[in-house]
Amino acid sequence: MAKRIDVKDLNIYYGKFHAVADVKLNVLPRSVTAFIGPSGCGKSTVLRSLNRMHEVIPGARVEGAVLLDGEDIYGATVDPVGVRRTIGMVFQRPNPFPTMSIRDNVVAGLKLQGVRNKKELDEVAERSLRGANLWNEVKDRLDKPGGGLSGGQQQRLCIARAIAVSPDVLLMDEPCSALDPISTLAIEDLITELKKEFTIVIVTHNMQQAARVSDQTGFFNLEAQGKPGRLIEIDDTEKIFSNPGQKATEDYISGRFG
Ligand SMILES: Nc1ncnc2c1ncn2[C@@H]1O[C@H](COP(=O)(O)OP(=O)(O)O)[C@@H](O)[C@H]1O
Ligand SMILES: [Mg+2]
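Conventions and cut-offs
Residues numbered from 1 in each chain as written. Chains lettered and ligands numbered in written order. Predicted model: local features only at pLDDT ≥ 70, side-chain atom pairs only at ≥ 80, totals over all residues. Heavy atoms only, no water. Helix = DSSP H or I, 4+ residues; strand = E, 2+ residues; numbered from the N terminus. Buried < 20%, exposed > 50% of the residue type's maximum accessible area, 1.4 Å probe, protein only. Contact = heavy atoms within 4.5 Å. Axes fitted to C-alpha atoms, helices over the stretch in contact; angles between N-to-C directions. Parallel < 35°, antiparallel > 145°, perpendicular 65-115°, else oblique. Left-handed = near helix turned anticlockwise from the far one by under 90°. Nonpolar A, V, L, I, M, F, W, Y, C, P; charged D, E, K, R; others polar. Pairing = 2+ DSSP bridges. Salt bridge = Lys/Arg side-chain N within 4 Å of Asp/Glu carboxyl O.

Remarks on the side chain of Asn-105
Here is step 1 of the chain: In this fold, Asn-105 is placed in helix H3 (residues 102-112).
Here is step 2 of the chain: Take Asn-105: its relative accessible area is 1%, and that puts it in the buried class.
Here is step 3 of the chain: Excluding residues within four positions of it along the chain, Asn-105 makes contact with Pro-96, Phe-97, Met-100, Gly-146, Leu-157 and Arg-161.

What follows is the structure in structure tokens.
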């Protein structure tokens with residue numbers, strides 16, 4: 001199958017600090033890839049470099065290539081704004097626009113793109129909220145502020161907002177870390193639904209979550225403080241959790257780390 005994402009020799013810097021070294025990985029369409037590993041080893045940094053969010057930090061840069069369907073998103077003529085539309089992102093803390101209505105939160109991206117047709121906006125809002133498993137809970141309060149929803153609902157609202165612009169890929173950075181266990185399971189179920197349509201890369205500190213939702217898992221690690229983080233191995237999730245190729249991975253997943 002053709003690769004959706006192909007990361008080639010990616011090195012990532014914050015100014016002079018070499019944060020992540022020599023990452024190579026492939027992601028197939030309509031699959032879920034999980035990144036696990038101790039904190040500070042560069043999981044979020046790699047994720048943000050997959051849609052050019054890394055470079056918004058002053059002094060931050062990458063070397064290497066990230067191919068999306070064969071085209072380098074870091075190519076000289078590529079518009080980063082377009083990249084971020086095709087490769088959407090959901091963050092650790094739900095970040096809806098709190099005073100904006102639920103409906104307007106979902107279609108904020110489309111409005112930015114200049115869509116003004118109310119019927120079209122309403123249709124996209126409904127489709128996206130259904131896609132995020134939130135429609136039934138909010139359909140009678142679409143004009144109420146997004147900030148009035150529970151944490152789990154706000155996170156699904158952010159997922160609705162991300163899918164409203166029809167991305168190919170969704171990046172999720174610990175999307176459940178601020179949520180209670182029930183909301184976490186709701187998001188995990190949702191990820192399994194979303195993968196029928198989208199390609200997903202998720203950072204999680206929860207190994208059970210990685211095992212439950214992902215097809216392949218990448219283990220990141222840090223040799224020592226101040227050294228760059230590395231992708232130690234990436235393989236089928238079942239293999240990583242039953243018979244990993246590297247001792248460091250085995251130590252980490254069996255809790256003997258550090
Ligand atoms: N904005 C930033 N400026 C400078 N260094 C950063 C920044 N964000 C992260 N780092 C550093 O990059 C390394 C990787 O961090 P990060 O990607 O957040 O790790 P993880 O997500 O695995 O916990 C860490 O040493 C961290 O301190
Ligand atoms: Mg992180």
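As for the packing of H3 against helix H4 (residues 118-131)
Here is step 1 of the chain: Closest axis-to-axis distance for the H3/H4 pair is 9 Å, and the angle between their directions is 110°. Judged by the inter-axis angle, H3 sits roughly perpendicular to H4. Crossing angle aside, the handedness with which H3 passes H4 is right-handed. Listed contacts from H4 to Ile-102, Arg-103, Val-106, Val-107, Leu-110 and Lys-111 of H3 are Leu-121, Asp-122, Val-124, Ala-125, Ser-128 and Leu-129.
Here is step 2 of the chain: Counted by class, the contact of H3 with H4 contains 8 nonpolar, 1 polar and 3 charged residues.

Examining the pairing of strand E1 (residues 5-14)
Working note: regular strand, side chains alternate between the two faces of the sheet.
Here is step 1 of the chain: Within E1, 7 of the 10 residues are buried, which leaves it mostly tucked inside the rest of the structure.
Here is step 2 of the chain: One ladder, built from 7 bridges, connects E1 with strand E2 (residues 17-27); its direction is antiparallel. Opposite Tyr-13, over in E2, you have His-18 as the bridge partner.
Here is step 3 of the chain: Judged from the 8 bridges that link them, E1 and strand E4 (residues 60-68) form a sheet pairing that is antiparallel. Each residue of the ladder has a partner; that of Asp-6, found in E4, is Leu-67.

Regarding the pattern of salt bridges
Here is step 1 of the chain: Applying the stated criterion to the full structure yields 21 salt bridges.
Here is step 2 of the chain: We note a salt bridge from Arg-4 to Asp-69, for which the minimum N-O separation is 3.0 Å. Of this pair, Arg-4 sits in the segment before E1 while Asp-69 sits in the loop between E4 and strand E5 (71-72), and the two are 65 residues apart along the sequence.
Here is step 3 of the chain: The class of Arg-4 is buried, set by a relative accessible area of 17%.
Here is step 4 of the chain: On the basis of relative accessibility, which here comes to 42%, the residue Asp-69 falls in the partly exposed class.
Here is step 5 of the chain: Salt-bridge contacts for Lys-111 lead to Asp-104; the nearest nitrogen and oxygen are separated by 3.4 Å.
Here is step 6 of the chain: Judged by relative accessible area, Asp-104 falls into the partly exposed class, the value being 26%.
Here is step 7 of the chain: Residues joined by salt bridges that share partners form a network here, namely Asp-22, Glu-223, Lys-227 and Arg-230.

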